[in-house]
Amino acid sequence: MNLAFRDIRYHRGRFILTSIGLGLLLGVVMSMGGIYRGLFADALSISNATRADLWVVQKETSGPFAAISRIPEDIRYRIAAVPGVAEASPLSFETIQIERGGKPFRFFLVGYDLNGFGGPPVIIAGRGIRQKHYEMVVAQGMKMGLGEKVRLGLHDYTVVGITGKMVSSGGDPAAYVSLADAQEIQFKSDNDAIRNQRERIAARLAGLPTLSPPQTKFLEQNIAALTESTHTVNTVVARLAPGANLQEVQERIGHWNHFRAISDGEQTQILTKGMIEKARMQLGLFRIILLVISAVIISLIIYTSTIDKLRVIATLKLIGAQNRVIIGMILQQSLLMGVIAYAIGYGIISLTYDRFPRRVELVAGDLQTLFVIVIVICTVSSFVGIRKALRVEPAEALGG
Amino acid sequence: MYAVEVERLSKIYGRGETAVTAIADASLQVKPGELVAILGPSGSGKTTLLTAIGLINEPTRGRVILDGTTIADDGWLPEIDLKRVRREKIGFIFQAHNLIPFLTALENVMVALEINDLTKREARARAVELLEALNLGHRLATYPSFLSGGESQRVAIARALANRPKVILADEPTAALDTENGKNVMALLKKLAVENRSAILVVTHDHRMVEGFDRIFDVRDGRIMGER
């Protein structure tokens, strides 16, 4: 006869409520694990989708995600000419926050060369960008429909396609536009600022008596062209030809003035170790604390439940029950509670993880590990109750 | 052969000046099928004597022999598996019934049988037979909290009888019952003692409940003062 099951059947209300409570706690532990994995996935989302072997950025920076990096767009041609490089493509990145529907609307704008790579990895609705201007592809997370328009800088952009769960390392959904549009959005000043800038240049040149009026005019135009140029990018990504030596290519570009070539592996390290390390540690610590709390709660529940049953245990001992019967009753109850709580937690998190504001990635390995931990916690916690139960004397069953 | 033999049994709590003698030099023999009362006021040592015979309380001195097997001789004999002896040879009936609250009447009897390694089917058949014999056939699936005091005590008796023990020890089995139910329980015990050839020792302080018992031992201050 399974005494644990029968006790649970009799006290099912209490048992279910306790399991739900514990299940919610385990659900939080699972979500923490999912958020932790989600942080990784988010951090590497764009980097992985780009499938670049090298990220060429501004010298002495860890750009383009972890630090600001600005390099001239035309360096792409020089990079493409390096032996071993198969293709090179410029990219620009910018976090943008606008008002939409009266609420702040934040996203990560990626500008890419329509003839290069680094654009949306997949189109799940609509189409990719075909025109050089004013079209955009947005990530699912932006919750925008095809044909919807959004004003960025001086122009309206129309959503022509939807891509998957692309996000920045900060968790903001990604939107893709052509490189030219992205550069304009990021680098182009407004008309007043351009006018003021030109007047400042003209005033300074007019103060130089050695310049003739045609020279002044010539310089005005060229300086303005330089200062108003938007041909700047945050990085140029490169893919190597099969068999090419990554380190050699990296060293070669590293010898150039003003540039740093970061391998994809290094970029992953920068994104994971540098950018999300503290968040990862925070989540890890929080998970440990929650697991300790779960262990304490399970121990208390089992101990209280054992205390409630001391007379029953004494009676069982008096009628000759072996220790294994009593140990089995307590241990099975503890394990059953753990398993049911785990199932409840898993059910809750499976139904809700898609609704979390940030990505929650439930990894089978993590869930299995947590299950084993829960079983270990339940087993160890039940020792408290078992120890108490084994000390009960059969004589305690006697008397009124 | 006696079902129970107690020879010069003593139980002393503590040592030296603080020692308290709960039972002193108690001797008695009970034959199979006998219904015996141990009668005495509170604190007289009658429950201590019962627990020593029931292998719960280790005697300080003296011998306890159950069904021909020596269990204690100036303390438990190390080669004796007390739990096994309790399981196989002794049935207990308590003052407060001590039914397991989360088991039905049927399961309360079955648990004693399954602990003694009977299969579920065998245990069920025996438990049903016992409960029906005690007029509880209609209460098999009822939890103890829904049974009356008399019904609960009858379930407890069924559990005590389940393994056909040689000895049944009852500690104030009528204390929680009204007089009529108490007398019914005692009558039932007498009937069972005869039918099952079990020796039944009943500890009680209530003189009214021992009518019709085969023998009555009076206990005072830890000593058996006499036999009626």
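Note that this is a predicted model, so its numbers are computed, not measured.

Some details on the pairing of strand β3 (residues 35-39) of chain B
Residues and elements named next belong to chain B. Among the five residues of β3, five are classified as buried, and the element is accordingly described as predominantly covered. Residue alternation in β3 divides its side chains into two sets, L35, A37 and L39 and V36 and I38, and both sets are buried. In the sheet, β3 pairs with strand β8 (residues 199-204) via five bridges, with the strands oriented parallel. Within the sheet, the bridge partner assigned to V36 lies in β8 and is L201. As paired elements, β3 and strand β9 (residues 215-220) share four bridges and run parallel to each other. What sits directly across from A37, in β9, is I216.

Focus on the side chain of S152 of chain B
All names here are of chain B. Looking at the secondary structure, you find S152 in helix α5 (residues 149-161). On the basis of relative accessible area, S152 is assigned to the buried category, the value being 4%. Not counting chain neighbours up to four residues away, the residues in contact with S152 comprise H97, L99, P144 and L147.

So, the packing of helix α9 (residues 277-308) of chain A against helix α12 (residues 364-390) of chain A
Packed helix pairs are specified by the crossing angle of their axes together with the interaxial distance, meaning the distance between the axes. Residue and element names in this part refer to chain A. Between α9 and α12, whose axes approach to 8 Å, the crossing angle comes to 35°. When the axes of α9 and α12 are compared, the crossing they make is right-handed. Listed contacts from α12 to L291, A295, I298, S299, I302, Y303, T306 and I307 of α9 are L370, I373, I377, C378, S381, S382, V384, G385, K388 and A389. Partitioning the contact of α9 with α12 into residue classes produces twelve nonpolar, five polar and one charged.

Comments concerning the confidence of the model for chain A
Confidence in the prediction of chain A, expressed as mean pLDDT, is 88, and 98% of residues score 70 or more. Within chain A, strand β6 (residues 135-139) of chain A carries the highest mean pLDDT (95), whereas helix α6 (residues 213-227) of chain A carries the lowest (76).

A few points about the sheet that holds β3 of chain B
All names here are of chain B. Taken in spatial order, the six strands of this open sheet run β6-β7-β8-β3-β9-β10, and their pairing is mixed. Edge positions in the sheet fall to β6 (90-93) and β10 (223-227), since each has one partner strand and no second. Taken over all neighbouring pairs, the strand axes of this sheet differ in orientation by 20° on average, direction set aside. Docked against the sheet, helix α1 (residues 46-53) engages β3, β6, β7 (167-171), β8, β9 and β10, running at close to 150° with respect to β8.

Examining the nonpolar core
Membership of the largest hydrophobic core comes to 150 residues, with the highest contact counts inside it found for L316 of chain A together with V4, L66 and L201 of chain B. Here the element with the most residues in this core is helix α2 (residues 12-50) of chain A; it accounts for 13 residues. Residue assignment places this core across two domains, with domain 1 (3-42 + 277-398) and domain 2 (60-188 + 231-257) of chain A each supplying three or more. Other than its neighbours up to four places away in sequence, L316 of chain A contacts L3, A321 and M329 of chain A together with I100, V111 and I115 of chain B.

A closer look at the sheet that holds strand β2 (residues 20-30) of chain B
Residue and element names in this part refer to chain B. Sheet architecture is open: four strands sit in the order β2-β1-β4-β5, paired in antiparallel fashion. Because the sheet does not close on itself, it has two edges, and the strands there are β2 and β5 (69-73). Recorded for the sheet is a direction-independent mean angle of 20° between the axes of neighbouring strands. Relative to β2, strand β1 (residues 4-13) runs antiparallel, the two being bridged by seven bridges. Pairing of V4 across the sheet is with V30, part of β2. Those strands touched by α1 are β1, β2 and β4 (61-66), and its axis lies near 120° from that of β1.

Section: the environment of G91 of chain B
Residue and element names in this part refer to chain B. Note on placement: G91 falls in strand β6. Exposure remark for G91: the relative accessible area of 2% places this residue in the buried category. Sequence-wise, G91 and K166 are 75 residues apart; in three dimensions their C-alpha atoms are separated by 8.1 Å. Beyond its immediate chain neighbours, meaning those up to four positions away, G91 contacts A160, P165, V167, I168 and L169.

Digging into the pairing of β7 of chain B
Residue and element names in this part refer to chain B. Burial of β7 is extensive: five of the five residues sit out of reach of the surface. Burial along β7 is two-sided: the residues V167, L169 and D171 and I168 and A170 are all buried. Where β6 lies against β7, four bridges are found, and the strand directions are parallel. By the bridge assignment for β7, F92 is matched with L169. With five bridges joining them, β7 and β8 adopt parallel strand pairing.

Remarks on the confidence of the model for chain B
The pLDDT averaged across chain B works out to 86; a share of 100% of its residues lies at or above 70. Both confidence scores are given for the complex: pTM 0.74, ipTM 0.82.

Considerations on the interface of chain A and chain B
Taken residue by residue, the interface counts 26 residues in chain A and 27 residues in chain B. The junction of chain A with chain B conceals about 2500 Å² of combined surface from both sides, 63% of it contributed by carbon and sulfur atoms. Broken down residue by residue, the surface that chain A buries against chain B is led by M1, Y10 and I319 of chain A, which jointly contribute 27%. Summed over the shared surface of chain A and chain B, the number is two salt bridges. At the surface where chain A touches chain B, the tally comes to eleven residue pairs in polar contact (both at pLDDT 80 or more). Of all elements in the fold, only α1 (3-10), α10 (310-318) and α11 (323-352) of chain A reach the threshold of two or more residues within the side of chain A that touches chain B. Of the residues forming the side of chain A that touches chain B, the biggest block, six residues, is contributed by α10 of chain A.

So, the pattern of salt bridges
Per the stated rule, a full pass over the model turns up 26 salt bridges over all chains. A salt bridge links E107 of chain B to R9 of chain A, with the nearest nitrogen and oxygen atoms 2.9 Å apart. Of this pair, E107 of chain B sits in helix α3 (residues 105-115) while R9 of chain A sits in helix α1, on two different chains. Residue classification places R9 of chain A among the partly exposed positions, given a relative accessible area of 24%. Two residues, R239 of chain A and E87 of chain A, come together in a salt bridge whose shortest N-O distance is 3.4 Å. Linking R239 of chain A in strand β11 (residues 235-240) with E87 of chain A in strand β3 (residues 85-100), this pair joins segments that are 152 residues apart in sequence. The exposure class of R239 of chain A is buried, given its relative accessible area of 16%. Sharing partners across several salt bridges, the network here consists of D42, R358, R359 and E361 of chain A.

Thresholds applied
- Residues numbered from 1 in each chain as written.
- Chains lettered and ligands numbered in written order.
- Predicted model: local features only at pLDDT ≥ 70, side-chain atom pairs only at ≥ 80, totals over all residues.
- Heavy atoms only, no water.
- Buried < 20%, exposed > 50% of the residue type's maximum accessible area, 1.4 Å probe, protein only.
- Helix = DSSP H or I, 4+ residues; strand = E, 2+ residues; numbered from the N terminus.
- Pairing = 2+ DSSP bridges.
- Contact = heavy atoms within 4.5 Å.
- Axes fitted to C-alpha atoms, helices over the stretch in contact; angles between N-to-C directions.
- Left-handed = near helix turned anticlockwise from the far one by under 90°.
- Nonpolar A, V, L, I, M, F, W, Y, C, P; charged D, E, K, R; others polar.
- pLDDT = per-residue confidence, 0-100.
- Core = buried A, V, L, I, M, F, W, Y, C linked by side-chain atoms within 4.5 Å.
- Domains from an automatic or database assignment.
- Buried area = accessible area lost by both parts, 1.4 Å probe.
- Salt bridge = Lys/Arg side-chain N within 4 Å of Asp/Glu carboxyl O.
- Polar contact = N/O pair within 3.5 Å; in protein donor to acceptor, adjacent residues only side chain to side chain.

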